[in-house]
Amino acid sequence: MYAFTFHRPQTLRQAASLLAKHEEAKLLAGGHTLLPTMKLRLAGPPQLVDLSLIDGIAGVAQSGRSLTIGAMTRHNDVSTSPVVQQAIPALAGLAGMIGDPAVRHMGTIGGSIANNDPNADYPAACLGLGATIITNKRRIKADDFFTGMFSTALEPAEIITKVSFPIPKKAAYQKFRNQASRFALVGVFVSKRGSEIRVAVTGAGANGVFRVPSFEEALKKRFAPKSLEGMTIPADGMNSDIHGSAEYRAHLVGVLARRAVAEAIGK
Amino acid sequence: MAAKAAAVSLTVNGKPVTAEVDPRTLLVQLLREHLRLTGTHVGCDTSQCGACVVHVNGKAVKSCTILALQLEGANVLTIEGLAAPDGPLHPMQEAFRENHGLQCGYCTPGMIMTAVDIVRRKGNDLDDRTIREELEGNICRCTGYHNIVKAIAAGARAMRGSAAASQAAE
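Residues numbered from 1 in each chain as written. Chains lettered and ligands numbered in written order. Predicted model: local features only at pLDDT ≥ 70, side-chain atom pairs only at ≥ 80, totals over all residues. Heavy atoms only, no water.

Caption draft 1: Focus on the nonpolar core. With 36 residues, the main nonpolar core has Leu67, Leu91, Ile113, Tyr122 and Phe165 of chain A as its most contacted residues. For this core, the elements supplying multiple residues, two or more each, are strand E5 (66–70), helix H4 (82–87), helix H5 (89–95), helix H7 (109–115), helix H8 (122–129), helix H9 (142–145), strand E10 (160–166) and strand E12 (184–193) of chain A. Tallying contributions element by element places H8 of chain A first for this core, with 6 residues. The residues contacting Leu67 of chain A, other than those within four sequence positions of it, are Val60, Ala61, Gln62, Val83, Val84, Ala87, Ile88, Leu91, Val163, Ser164, Phe165 and Ile167 of chain A. Membership of the second largest hydrophobic core comes to 34 residues, among which are Leu27, Leu30, Val54 and Leu67 of chain B. (Core = buried A, V, L, I, M, F, W, Y, C linked by side-chain atoms within 4.5 Å. Buried < 20%, exposed > 50% of the residue type's maximum accessible area, 1.4 Å probe, protein only. Helix = DSSP H or I, 4+ residues; strand = E, 2+ residues; numbered from the N terminus. Contact = heavy atoms within 4.5 Å.)

Caption draft 2: Representation of helix H2 (residues 91–98) of chain B. Taken together, the buried positions of H2 of chain B are occupied by Pro91, Met92, Gln93, Ala95 and Phe96 of chain B. Backbone geometry just after H2 of chain B places His100 of chain B at a positive phi near 50°.

Caption draft 3: Representation of the domain arrangement of chain B. All names here are of chain B. Looking at the assigned domains, one finds that chain B contains domain 1 (6–81) and domain 2 (91–165). On the domain 2 side, the residues contacting the 17 residues of domain 1 number 14 residues. In this assembly, domain 1 packs against domain 2 so that about 1200 Å² is buried in total across both faces, 58% of it on carbon and sulfur atoms. If you look at where domain 1 meets domain 2, you find 0 salt bridges. Where domain 1 packs against domain 2, one counts 9 residue pairs in polar contact (both at pLDDT 80 or more). Residue assignment for the side of domain 1 that touches domain 2 shows that the elements contributing at least two residues are strand E3 (53–56) and strand E4 (59–62). Looking at the side of domain 1 that touches domain 2 element by element, the count peaks at 3 residues for E4. Among the residues forming the side of domain 1 that touches domain 2, the class breakdown is 7 nonpolar, 8 polar and 2 charged. (Domains from an automatic or database assignment. Buried area = accessible area lost by both parts, 1.4 Å probe. Salt bridge = Lys/Arg side-chain N within 4 Å of Asp/Glu carboxyl O. Polar contact = N/O pair within 3.5 Å; in protein donor to acceptor, adjacent residues only side chain to side chain. Nonpolar A, V, L, I, M, F, W, Y, C, P; charged D, E, K, R; others polar.)

Caption draft 4: Just the state of the cysteines, in detail. Residues and elements named next belong to chain B. Within the structure shown, the criterion is met by 0 disulfides over all chains. Cysteine Cys52 is unpaired, with the sulfur of Cys64 as its nearest cysteine sulfur at 3.8 Å. A relative accessible area of 3% means that Cys52 is categorised as buried. (Disulfide = S-S within 2.5 Å.)

Caption draft 5: Molecular detail of the environment of Gln14 of chain A. Note that Gln14 of chain A resides in helix H1 (residues 12–21). Placed 40 residues apart in sequence, Gln14 of chain A and Ile54 of chain A show a C-alpha to C-alpha distance of 9.6 Å.

Caption draft 6: Highlighting empty space enclosed by the protein. With the rule as written, the count across this model stands at 2 cavities of 30 Å³ or more. Here the largest cavity is characterised by a volume of approximately 60 Å³. If you trace the largest cavity, you find 13 residues lining it, with Pro101 and Ala102 of chain A together with Ala60, Thr114 and Asn138 of chain B closest to the centre. Among the secondary structure elements, those contributing two or more residues to the lining of the largest cavity are helix H6 (101–104) of chain A together with E4 and helix H3 (108–122) of chain B. It is H3 of chain B that contributes the most residues to the lining of the largest cavity, 4 residues altogether. Here the lining of the largest cavity is built from residues that sort into 5 nonpolar, 3 polar and 5 charged. (1 Å grid on protein atoms, 1.4 Å probe; cavity = no way out; pocket = protein on both sides within 12 Å on 5 of 7 lines; lining within 4 Å. Points joined across faces, edges and corners; volume = space filled by probe spheres on them.)

Caption draft 7: Structural context of the side chain of Lys62 of chain B. As for its placement among the helices and strands, Lys62 of chain B is situated in strand E4. Residue Lys62 of chain B is classed as buried on the basis of its relative accessible area of 1%. Within the local environment of Lys62 of chain B, its side chain forms a polar contact with the side chain of Asp100 of chain A, the two groups lying 2.6 Å apart. Among the polar contacts made by the side chain of Lys62 of chain B, one reaches the main-chain carbonyl oxygen of Gly137 of chain B at a distance of 3.0 Å. Leave out the neighbours within four places in its chain, and Lys62 of chain B touches Asp100, Ala102 and Val103 of chain A together with Ser47, Gln48, Cys49, Gly50, Cys52, Val53 and Gly137 of chain B.

Caption draft 8: The arrangement of unusual backbone geometry in detail. Its identity as a non-glycine residue notwithstanding, Asn116 of chain A has a phi of 50°, on the positive side. On the basis of relative accessible area, Asn116 of chain A is assigned to the buried category, the value being 1%. Positioned with a positive phi, Asp45 of chain B is a non-glycine residue whose angle comes to about 65°. Structurally, Asp45 of chain B can be placed in the loop between helix H1 (27–34) and E3. On the basis of relative accessible area, Asp45 of chain B is assigned to the partly exposed category, the value being 34%.

Caption draft 9: Structural context of helix H10 (residues 213–221) of chain A. Residue and element names in this part refer to chain A. Every buried residue belonging to H10 is among Phe215, Glu216, Ala218 and Leu219, and all of these are buried. Axial view of H10: buried residues confined to an arc of 165°, hence all on one face. Facing away from the buried side of H10 by over 90 degrees, the exposed positions are Pro213 and Lys221. Buried residues along H10 sit in contact with strand E13 (196–202), strand E14 (210–211) and helix H11 (246–264). (Arc of directions from axis to C-beta.)

See the structure below:
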């Protein structure tokens, strides 16, 4: 690791002013991506701003038809929350599939979506549920938030404080794991809320998480796996590596989308 | 660039500890190199193998992926703190011994700290499938896991007995 100065602000305002003052500073949430990256010297922020002492940015709350999760809420606290399990079981299930139990005790939803790893699970949930990402400055629709691999709409000195999920009528997440890393080789999140259908894919795209409009259109006619029968997506723009070719990933998107719809309708 | 040392105060195995550390110091380095608690091991150093698992505020975490400075005021429990220094082994340690749940022993401290955390979250009656799923983040290269799984199931049952016994004693 390169040397850095460690800051532990007590308020969001202090954290934001540290970010504004130190251009290359990085926020530290659960640290389970940032610290390994720093160990590899792929990142070398001269300043680390730890968010763990700031009150009011962790926890789960339901209000009417929306579920709000604080940015510093750990994966384990999302997966085991009775509120999340009741309101959006697919989201609780997804959080319980991230990493392993010890990793889930540290990793946070805010950290995951701010990092926007192309293989991460939470971006699929945010896009697949039409979430709104709330920061210390504004509200950003998931559709506008994820702007490409490891990149987001966040501005300098902008800090995610919570994520608000509209509660769907039906939803499910299907994850096909890379057998070595256990990350999503491909993950597909589907949801139905009134006439709004969403299909979001992580792990497959070279530019990170994306929606599949052709699948969404087909599911609008009937929300059933049959509606997607024989449908595929082009292999252009898919990741291709030793774990799976672009064609294989494109194929998996169709398979997992059908499985996810089947799970969502309870079949 | 030389890093400026910073102070951190926490509790380790019930004892208050204050240390001046380089900010880059990982919890596992604080434990092994500053406090000489070498029961916690470093296997992969990439948060995959689980040899470094300790409890922070009661929850299992990978001490190779936490900075010491993140732990101001925290309560840390390592394998050394699981049983009283001169007392009998913790029931989970005893179950690993009894069931031959280790060969070289390198992964064992992490396995046992993870096992105790599984019991906290999932209770004393654990089936093999649950144990194997929960061991996702702990890697053993000797045993093939079979006896580790057996040991954890037995240790989990024994912990119920010992919890009842210590309550009865109170």
